[in-house]
Amino acid sequence: MSAPTRRYEDAVARYLEAWNAAPDAVAKAVAAAWTEDGSYTDPLADVRGHEQIAAVVAAVHEQFPGFSFRLSGAVDGHHDTARFSWELVSGTDGAAPVAGFDVITLDDEGRIRSVFGFLDRVPAGA
C-alpha cells in the first residue's frame, strides 16, 4: 500500500473511531481525528471545532442507540482530499437504514480539516 493511500485510510479510520466512540470517549476521539478548527458539514449540520463536532456525534448516538458506522467500500483520495462511503448499522439486526458518502480534507499531519457529508439513504422522520 502506498504512503498516500495509507494516509487517507488512517484518517478515515480515526474518523469512524470518533463516530463509534463510547459517550465518554467522543471528545478525545474527535480531537484525535480533527484539527482544532476542523469542520463538519452535511445536510443536517454545519459545525466547527471539537466541541461542536462532538455534540453532533452525541446527537447521532442519541437518535440511533446501538448503531455504529462502518466503511462500505474503498477509500479514494488525491492530494489532501479523500472520499469514502459509509453505512450506519444496527447492532441488533444488521440493518443499515442510513448511508452516505463523505469527502474530507486533511492537514499535513493527516488530521481532518473539513468534512463534507452527503446522505444517500435516510429513514423517513429522521
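Scoring rules and cut-offs
Residues numbered from 1 in each chain as written. Predicted model: local features only at pLDDT ≥ 70, side-chain atom pairs only at ≥ 80, totals over all residues. Heavy atoms only, no water. UniProt positions renumbered as here; feature names shortened; annotations may be inferred. Helix = DSSP H or I, 4+ residues; strand = E, 2+ residues; numbered from the N terminus. Core = buried A, V, L, I, M, F, W, Y, C linked by side-chain atoms within 4.5 Å. Buried < 20%, exposed > 50% of the residue type's maximum accessible area, 1.4 Å probe, protein only. Contact = heavy atoms within 4.5 Å. Pairing = 2+ DSSP bridges.

**Q** Is there a simple way to think about the UniProt feature "domain: SnoaL-like" (unreviewed entry) in the protein chain in this case?
**A** When the UniProt feature table is mapped onto this chain, "domain: SnoaL-like" (unreviewed entry) is found at residues 12–114. Along residues 12–114, the helical share is 30% and the strand share 42%, with 12 Å between the first and last C-alpha atoms.

**Q** What exactly am I supposed to notice about the nonpolar core here?
**A** It is characteristic of soluble globular proteins that their nonpolar side chains tend to be buried jointly. Counting 33 residues, the largest nonpolar core has Tyr15, Trp19, Trp34, Tyr40, Ile104 and Ile112 as its most contacted members. Broken down by secondary-structure element, the contributors of at least two residues to this core are α1 (3–20), α2 (26–33), β1 (34–42), β2 (45–48), α3 (50–63), β5 (81–90), β6 (98–106) and β7 (112–121). For this core, the element with the highest residue contribution is α1, accounting for seven residues. With sequence-adjacent residues up to four places away left out, Trp19 is seen in contact with Trp34, Tyr40, Val56, Val57, Val60, His61 and Phe69.

**Q** So what exactly am I meant to see when it comes to the pairing of β6 here?
**A** Strand residues, when the strand is regular, have side chains that alternate between the two faces of the sheet. Of all the nine residues making up β6, seven are buried; the element is thus mostly covered by neighbouring parts of the structure. For β5 and β6, the ladder comprises eight bridges, and the chain directions are antiparallel. In the strand pairing of β6, Phe84 is matched with Asp102. With eight bridges connecting them, β6 and β7 associate as antiparallel partners. When the sheet's bridge partners are listed, Phe101 is paired in β7 with Phe118.

**Q** What should I look at first to understand unusual backbone geometry in this one?
**A** Trans peptide bonds make up the majority, and among non-glycine residues the majority have a negative phi. Even without being a glycine, His79 presents a positive backbone phi close to 50 degrees. Inspection of the secondary structure puts His79 in the loop between β4 (76–78) and β5.

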